[in-house]
Amino acid sequence: MNEKIFGTYLQKIEQEGNLRHIPDESEANLIDLSSNDYMGIASNRCLFDEFYSQCPKSRIFMSSSASRLLSQRQKDYTALEQLLHDLYRKEILLFNSGYHANTGIIPAIATGKTLIVADKLVHASIIDGITLSRRDFLRFRHNDISHLDTILTKKSLEYDQILVIVESIYSMNGDICDLKGLIALKEKYPNTVLYVDEAHGFGVRGKYGLGIAEELGLMQQIDIIIGTFGKAAASMGAFAATSPVLKKFLINKSRSFIFSTALPPFSCLWTKFVIEKLTDMNSQRKQLLATSEYLNEEFKAYNKNIHSQSQIVPLIIGDNHKAINMSEELKRQGYIALPIRKPTVPEGTERIRFSLNVNFSMEQAKQLSRVIKALMV
Ligand SMILES: Cc1ncc(COP(=O)(O)O)c(C=O)c1O
């Protein structure tokens, strides 16, 4: 093995301030604004106790020991799928993670003469899914529906289907896609398939926590909704909410579903327990939105072209090294908030990404705002 190749690469990214490393176990006294535990469930010991107390040992299985298509244990998967089916009024198929969902579903459904058109800022797992599909692919300017319209006008007749892919809440900007506009385009170009990744909306938005599509009453107009369990649901895994035919198709065609060991059944038991709690957490969702709106307003002057409307609160710094320094300074002041650097975000928009959660109070948000104002002078 010629390690020089790897060493040269590592040196280069270190010089650019881009070297990634796995952080140490965090100190308990710091305020963690880096995790996606938006609803504070991953750290809620009372909920764990409640879950364990009602979970008989005879029901606990740590491994499916096979892919879903071969597993002899189905009960915990089907119970979770049934719960989500009742909430979304759509067919549900579980995946091992959001990454598995996006890399498994996109190549599967992009069959025949398909053009994929995705928002410029979609997540890496979506890009990887698109790459695996080996289909024609265009990107529209971030959240620019008129640019998407122009592309569809030019291209829709050339293809059997156009797969339009967006996120409901963008993971680095915290802004929200124009779902109504997208649905209007779907009506204008009937061969459009609308794919919405709700990774950061699931559990956090809507009366029952089903996401932005629920909040806007638009769930039934979307062809495929992706939700993930690793963020607000404090678990692991993901699901696709879709039509009966598409569910059947994915079971037969999605390689990440077919060729990977299914989630541990125990994990699905926990996820179901959490989702039942999440549906009842609307007052916490409102409180989280209020702190988010406050900080987004406070940071507006630093963020110029980025307008977060959610619990993901960016603070644009504009340089890799400065973003790292800011994150270190925040740590000294008692906060864990991570720098997001290029190429994860475009050059010049390197930032600190504050990921708020329900345990972060309005008082704490006001204090954080004072700290930032002092540091940004
Ligand atoms: C929009 C989006 N989709 C998918 C994923 C991947 O989900 P998972 O962590 O479950 O693999 C992420 C993770 O950050 C994400 O932000």
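Residues numbered from 1 in each chain as written. Predicted model: local features only at pLDDT ≥ 70, side-chain atom pairs only at ≥ 80, totals over all residues.

J.: Could you clarify how one ought to interpret the overall build of the protein chain in this entry?
T.: What the protein chain contains, in helices and strands, is 15 helices and 12 strands. Radius of gyration (C-alpha) of the protein chain: 21 Å, near the 21 Å computed for a compact globule of 377 residues. Viewed in the frame of its principal axes, the protein chain has a C-alpha envelope of about 60 × 55 × 55 Å. Of all 377 residues assigned to the protein chain, the portion counted as buried reaches 44%. In the protein chain, once contacts between residues fewer than 6 apart in sequence are set aside, the share between residues at least 24 apart is 72%. (Helix = DSSP H or I, 4+ residues; strand = E, 2+ residues; numbered from the N terminus. Rg over C-alpha atoms; globule rule 2.2 N^0.38 Å. Buried ≥ 20, exposed ≤ 12 C-beta atoms within 10 Å, placed from the backbone. Contact = placed C-beta atoms within 7 Å.)

J.: Can you walk me through the site of the ligand in this structure?
T.: As a matter of local geometry, the ligand sits amid 13 residues, with S97, G98, Y99, H123 and A199 nearest to it. Here the shell around the ligand gets three residues from one element, more than from any other, and that element is helix α4 (residues 98-109). (Near = placed C-beta within 6 Å.)

J.: Quick question: what am I supposed to make of the packing of helix α3 (residues 75-88) against helix α11 (residues 265-278) here?
T.: Think of two packed helices as two axes; the pair is described by the angle between the axes and how far apart they sit. Running from N to C, α3 and α11 point in directions that differ by 25°, and their axes come no closer than 8 Å. By the angle between their axes, α3 is roughly parallel relative to α11. Between α3 and α11 lies a crossing of left-handed hand. Between α3, through D76, Y77, A79, L80 and L83, and α11, the contact on the second element is made entirely by P265, C268, L269, T271, K272 and I275. The class makeup of the residues in the contact of α3 with α11 is eight nonpolar, one polar and two charged. (Axes fitted to C-alpha atoms, helices over the stretch in contact; angles between N-to-C directions. Parallel < 35°, antiparallel > 145°, perpendicular 65-115°, else oblique. Left-handed = near helix turned anticlockwise from the far one by under 90°. Nonpolar A, V, L, I, M, F, W, Y, C, P; charged D, E, K, R; others polar.)

J.: Could you clarify how one ought to interpret the nonpolar core in this entry?
T.: As a rule of thumb, soluble globular proteins bury nonpolar side chains together. Core analysis: the largest hydrophobic core is formed by 98 residues, its most contacted members being V164, I165, F239 and A240. Viewed by domain, this core spans two of them, domain 1 (23-39 + 282-375) and domain 2 (61-278), each represented by three or more residues. Once you skip the residues sitting within four places of it in the chain, I165 turns out to touch I116, A118, V122, I126 and Y195. (Core = buried A, V, L, I, M, F, W, Y, C linked by C-beta atoms within 7 Å. Domains from an automatic or database assignment.)

J.: What's the story with the sheet that holds strand β8 (residues 238-242) in this structure? I'm lost.
T.: Sheets are built from strands paired through backbone hydrogen bonds, the pairs being either parallel or antiparallel. Reading across the sheet, the seven strands line up as β2-β8-β7-β6-β5-β3-β4 and stay open at both edges, with mixed pairing between neighbours. Edge positions in the sheet fall to β2 (91-95) and β4 (136-140), since each of these pairs with one other strand and no more. Each strand axis lies, on average, 20° off the axis of its neighbour in the sheet, ignoring direction. Here five bridges tie strand β3 (residues 114-119) to strand β5 (residues 161-167), and the two strands are oriented parallel to one another. By the bridge assignment for β5, L115 is matched with I162. Against the sheet, α3 makes contact with β2 and β8, and its axis sits at roughly 135° relative to β2, the strand it touches most. (Pairing = 2+ DSSP bridges.)

J.: Whenever I open this one, the domain arrangement of the protein chain confuses me. Can you help?
T.: By a widely used convention, the size of an interface equals the accessible area lost when the partners come together. Each assigned domain of the protein chain is listed with its residue range as follows: domain 1 (23-39 + 282-375) and domain 2 (61-278). For domain 1 and domain 2, the distance between their C-alpha centroids amounts to 27 Å. Facing the 20 residues of domain 1 at the interface are 18 residues of domain 2. For the side of domain 1 that touches domain 2, the elements supplying multiple residues, two or more each, are α12 (282-298) and β9 (312-316). Residues that form the side of domain 1 that touches domain 2 fall into these classes: nine nonpolar, eight polar and three charged.

J.: Before we go on, may I ask you to explain the sheet that holds strand β12 (residues 351-355) in this structure?
T.: One open sheet accounts for three strands, arranged β9-β12-β11; its pairing is antiparallel. Each edge of the open sheet is held by one strand with a lone partner, namely β9 and β11 (338-340). Each adjacent strand pair in this sheet contributes to an overall mean axis angle of 35°, direction not counted.

J.: So what exactly am I meant to see when it comes to the pairing of β8 here?
T.: Put simply, side chains in a regular strand alternate between the two faces of the sheet. β8 sits mainly inside the fold: five of its five residues count as buried. Where burial is concerned, the two faces of β8 agree: the one with A238, A240 and T242 and the one with F239 and A241 are both buried. Here β2 pairs with β8 via five bridges, running antiparallel. Opposite I92, over in β8, you have A241 as the bridge partner. For strand β7 (residues 224-228) and β8, the ladder comprises four bridges, and the chain directions are antiparallel. Opposite G227, over in β8, you have F239 as the bridge partner.

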